[in-house]
Structure formats: C-alpha cells, structure tokens
Amino acid sequence: MAKIKKTLSQAIAERRATPSFDGAPIPSEDLKQILDAGLHAPSGYNLQPWRFIVVQTPEQKRRLRGASYNQAKVEEASAVIVACGDADGWRKDLDSILQQGREGGMPESYAAQARTSVSNFMGSMNTEQMHGWLNKHVMIALTHMMLMAEVMGYDTAPMEGFEQDKVHEVLRLPMSYWVVALLAIGHLKGTDKYYGGRFEMGHTVFGEEFGKPLK
Ligand SMILES: Cc1cc2nc3c(=O)[nH]c(=O)nc-3n(C[C@H](O)[C@H](O)[C@H](O)COP(=O)(O)O)c2cc1C
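My aim in this report is to walk through the structure given alongside it, one point at a time. All residue numbers refer to position in the chain's written sequence, counted from 1. Per-residue local features of the predicted model are confined to residues with pLDDT of at least 70, and side-chain atom pairs are confined, for both listing and counting, to 80 or more; whole-chain, interface and lining totals are unaffected and use all residues. To obtain the side-chain values, all non-hydrogen atoms of the structure were included, while hydrogens and water were left out.

Our next topic: the overall build of the chain. We count a stretch as a helix when DSSP gives it H or I for four or more residues in a row; a strand needs E for two or more, and each element gets its number in order from the N terminus. Within the chain, the regular secondary structure consists of nine helices and four strands. Along the chain direction, N to C, the helices and strands of the chain fall in the order α-α-β-α-α-β-α-α-α-β-α-β-α. The contact criterion used throughout is that any non-hydrogen atoms of two residues lie within 4.5 Å. If you take every contact in the chain between residues at least 6 apart in sequence, the share linking residues at least 24 apart comes to 79%. Carbon together with sulfur atoms contributes 54% to the accessible area of the chain, which is approximately 12400 Å² in total. Counted as positive: Lys and Arg. Counted as negative: Asp and Glu. His and the chain ends are not counted at all. A charge is said to be at NZ when it belongs to Lys, at CZ for Arg, at CG for Asp and at CD for Glu. With 24 positive and 25 negative side-chain charges, the chain shows a spacing of 2 Å between the two charge centroids. Only the protein chains shown count as cover for residues, and all accessible areas are computed by the Shrake-Rupley method using a 1.4 Å probe.

Only the stretch in contact is used when fitting a helix axis, every axis being a line fitted to C-alpha atoms; angles between N-to-C directions are given from 0 to 180 degrees. Viewed as axis vectors pointing N to C, helix 3 (residues 58-66) and helix 8 (residues 164-171) meet at an angle of 160 degrees, and their least axial separation amounts to 9 Å. By the angle class used here, helix 3 and helix 8 are roughly antiparallel. Once helix 3 is placed against helix 8, the crossing between them reads as right-handed. Of helix 8, the residues touching helix 3 (which contributes Q60, R63, L64 and G66) are K166, V167, V170 and L171. Throughout, the ten residues Ala, Val, Leu, Ile, Met, Phe, Trp, Tyr, Cys and Pro are labelled nonpolar, Asp, Glu, Lys and Arg are labelled charged, and all others, Gly among them, are labelled polar. Looking at the contact of helix 3 with helix 8, its residues break down into four nonpolar, two polar and two charged. Orientation categories follow fixed angle ranges, with anything under 35 degrees roughly parallel, anything over 145 roughly antiparallel, 65 to 115 roughly perpendicular, and all other angles oblique. Two helices cross in a left-handed way if the nearer one is turned anticlockwise from the farther one by less than a right angle. They cross in a right-handed way if the turn is clockwise.

One non-glycine residue with positive phi stands out, namely Q48, at about 50 degrees. Structurally, the position occupied by Q48 is in the loop between helix 2 (28-39) and strand 1 (50-55). Accessibility here uses a 1.4 Å probe with only protein chains present; expressed as a share of the type maximum, an area under 20% marks a residue as buried, one over 50% as exposed, and anything in between as partly exposed. Exposure remark for Q48: the relative accessible area of 25% places this residue in the partly exposed category.

Lining the immediate surroundings of the ligand are R15, R16, A17, Q71, K73, P158, M159, E160, G161, K193 and R198. N or O atoms closer than or at 3.5 Å make up a polar contact, with two conditions inside protein: a donor-capable atom paired with an acceptor-capable one, and, for residues adjacent in sequence, both atoms drawn from side chains. At 3.1 Å, a side-chain N or O of K73 approaches an oxygen atom of the ligand. In isolation the ligand has 620 Å² of accessible area, and contact with the protein removes 65% of it. Classifying every residue of the shell around the ligand by side-chain character gives three nonpolar, two polar and six charged. Here a residue is near a molecule or strand as soon as one of its heavy atoms is found within 4 Å of it.

Below, the structure is given as structure tokens:
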C-alpha cells in the first residue's frame with residue numbers, strides 16, 4: 001500500500017534542495033517504493049539504462065562524502081541513491097526487453113525492427129554522445145524517485161557535486177558505468193533552504209516558435 005503524505009502538486013511546490021538531514025534510517029519498504037518509481041520511468045526503446053547504488057551504511061556514506069567534495073548532506077542523509085547509467089546495458093538487455101515487450105503485446109514486426117535499429121543507433125555513439133544519452137535517461141528516473149520520496153513525506157537533495165573517478169572507486173563500479181547524479185533522501189534537520197524563485201513563464205516558455213509568447 002503506497003504511503004502518501006502529499007499530493008504531487010504539493011510535493012512540487014514545497015520541495016527544496018534539502019540543506020541538512022537528521023540521519024534517521026529510512027524503512028526499507030519506503031526505499032523500495034521510491035526506487036520502484038524510478039524503475040517505472042520511460043526510456044528510449046524501453047532500454048532502461050539506469051543503475052542505482054543505494055548507500056546507507058555510515059562507513060560507506062562517509063567514503064561517498066569524500067568523493068563528493070565533502071558535502072555533509074551525503075553523510076547525513078538516511079540514504080543516498082547514486083544514479084548511474086550503464087553504457088553497455090543495452091547489449092546485455094536487448095533480448096529480454098524485446099521478450100518482455102512481446103509478452104505485453106509488442107508486435108513481432110516492431111521487435112524485429114527494434115533489434116536492428118537499437119543496435120545501429122546505440123552502436124554508433126561515441127563516448128560523449130553516450131554520456132549525454134545516459135544523462136537524459138537517468139535524470140528522468142531520478143526525478144521520478146525524487147518526487148515519489150517527496151509525496152511520501154521525505155526530504156530530498158539532488159547532487160552533481162561529486163568526482164566521477166572517486167565515486168567509481170568508492171562504489172567499485174564497472175567501467176561501463178557513468179555516474180549521473182546523487183539523490184540524498186531523509187528528513188530535514190533545522191531550517192529548510194530559502195526559495196530561490198523561478199522565472200515567470202514568459203521568460204522560458206514560447207508558443208509555436210522561438211520568441212512568440214504562449215497564448
Ligand atoms: C542536477 C542537480 C545537481 C545539483 N547539485 C547540487 C550539489 O551538488 N550540491 C547542492 O548543495 N545542491 C545541488 N543542487 C541543488 C540546487 O542548487 C537547487 O536545486 C537549486 O538551487 C534550486 O533550489 P530548490 O531545489 O530548493 O528549489 C543540484 C540540483 C540539481 C537539479
């Protein structure tokens with residue numbers, strides 16, 4: 001049974017990048033519910049290239065903090081989800097993705113076409129393009145988890161302040177993994193961050209073409 005404390009609209013309006021956490025442990029069923037939200041994110045060809053390392057022990061959080069420019073909230077959070085992408089995931093997963101899709105109603109013709117086009121598309125990327133592709137997908141999954149955690153009454157902090165090589169070392173990640181971002185989850189300690197404000201819609205949204213206001 002889902003634990004819901006806020007509506008999605010409330011979670012979006014009230015969420016802040018939490019400055020400090022109280023460190024209380026998070027029940028594993030809550031953590032699983034949050035992770036499950038990430039696993040339901042959409043992805044190109046349903047390739048699901050995200051991989052999540054959940055860090056909860058004091059020792060490992062301390063080491064991860066050392067790989068994250070000493071940001072205290074990495075160590076204070078109840079759990080830190082290290083959101084990675086696997087550049088080689090599609091090679092291993094394509095068969096089972098297509099099989100699962102077929103079981104769910106994917107037409108055979110689509111599966112046959114996808115097998116070729118996925119290999120061509122994914123196989124043609126250089127490292128930089130692959131990292132861009134992984135960033136795009138992993139951040140959607142991270143956002144699903146962040147908002148699910150907020151809806152469940154947790155506080156969150158997304159983080160890009162870490163060193164790729166050091167996180168690799170701490171977590172013993174395979175070479176094909178690319179660390180995209182960290183998501184700290186827990187309960188706020190002390191005063192929440194100020195609201196930094198947002199641009200009004202006319203600044204960032206256009207209608208039909210660049211520069212035209214949305215009616
Ligand atoms: C991808 C991403 C990376 C971020 N990295 C950090 C970080 O490493 N450390 C930090 O304190 N805040 C980090 N932030 C938080 C932002 O500073 C914060 O979201 C922004 O100032 C807006 O504040 P708000 O989220 O409270 O509305 C990050 C946010 C995002 C989305």
